[in-house]
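Here is how the chains run, residue by residue.
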Amino acid sequence: MSELLKVDTTFIICVTLISLASVFGYGHYSITDRGLMAQNIDSAIAKGVDPLSVRCSYAKSDDIICIAYAASTQPYQPKK
């Protein structure tokens, strides 16, 4: 009986550690991603680039603001 209890306890501890590592890893990724986006937007403002275009490069495909921005911009046409 004690051997089964050790196996159950070990399994529960392993699953808990994996879950906590996943949550903290995702949180760190999200915080880092937002920080990098803020730095890139600040850099774009300093260079005169539209900050909304930088924001939209990080956005998901269903972001309404970026869809409207893409629809309102002129398509790129190379100089002849």
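As shown above, the structure is provided for reference.
These lines cover the structure that appears in this document, whether it is placed above or below. (Residues numbered from 1 in each chain as written. Predicted model: local features only at pLDDT ≥ 70, side-chain atom pairs only at ≥ 80, totals over all residues. Heavy atoms only, no water.)

**A short note on the environment of S53**
Item 1. Along the chain, S53 turns up in helix α2 (residues 51-58).
Item 2. Given a relative accessible area of 26%, S53 falls into the partly exposed group.
Item 3. For the pair S53 and V15, spaced 38 residues apart in sequence, the C-alpha to C-alpha distance is 41 Å. (Helix = DSSP H or I, 4+ residues; strand = E, 2+ residues; numbered from the N terminus. Buried < 20%, exposed > 50% of the residue type's maximum accessible area, 1.4 Å probe, protein only.)

**Focus: the layout of surface pockets**
Item 1. The calculated volume of the largest pocket comes to roughly 220 Å³.
Item 2. Taken together, Y26, Y29, S30, D33, R34, M37, R55, Y58, A59, K60 and D63 form the lining of the largest pocket.
Item 3. Mapped by element, the contributors of at least two residues to the lining of the largest pocket are α1 (2-47) and α2.
Item 4. Classifying every residue of the lining of the largest pocket by side-chain character gives five nonpolar, one polar and five charged. (1 Å grid on protein atoms, 1.4 Å probe; cavity = no way out; pocket = protein on both sides within 12 Å on 5 of 7 lines; lining within 4 Å. Points joined across faces, edges and corners; volume = space filled by probe spheres on them. Nonpolar A, V, L, I, M, F, W, Y, C, P; charged D, E, K, R; others polar.)

**Description of the pattern of salt bridges**
Item 1. On inspection of all chains with the given rule, the structure shows one salt bridge.
Item 2. Note that D63 and R55 form a salt bridge whose closest N and O atoms lie 2.9 Å from each other. (Salt bridge = Lys/Arg side-chain N within 4 Å of Asp/Glu carboxyl O.)

**Thoughts on the packing of α2 against helix α3 (residues 64-72)**
Item 1. Where α2 meets α3, the closest approach of the two axes is 10 Å, and the angle between their N-to-C directions is 125 degrees. Considering the angle they form, α2 stands oblique to α3. Crossing of α2 against α3: the hand is left-handed. Of α3, the residues touching α2 (which contributes L52, S53, R55 and C56) are I65, C66 and Y69.
Item 2. Class assignment for the residues of the contact of α2 with α3 results in five nonpolar, one polar and one charged. (Axes fitted to C-alpha atoms, helices over the stretch in contact; angles between N-to-C directions. Parallel < 35°, antiparallel > 145°, perpendicular 65-115°, else oblique. Left-handed = near helix turned anticlockwise from the far one by under 90°. Contact = heavy atoms within 4.5 Å.)

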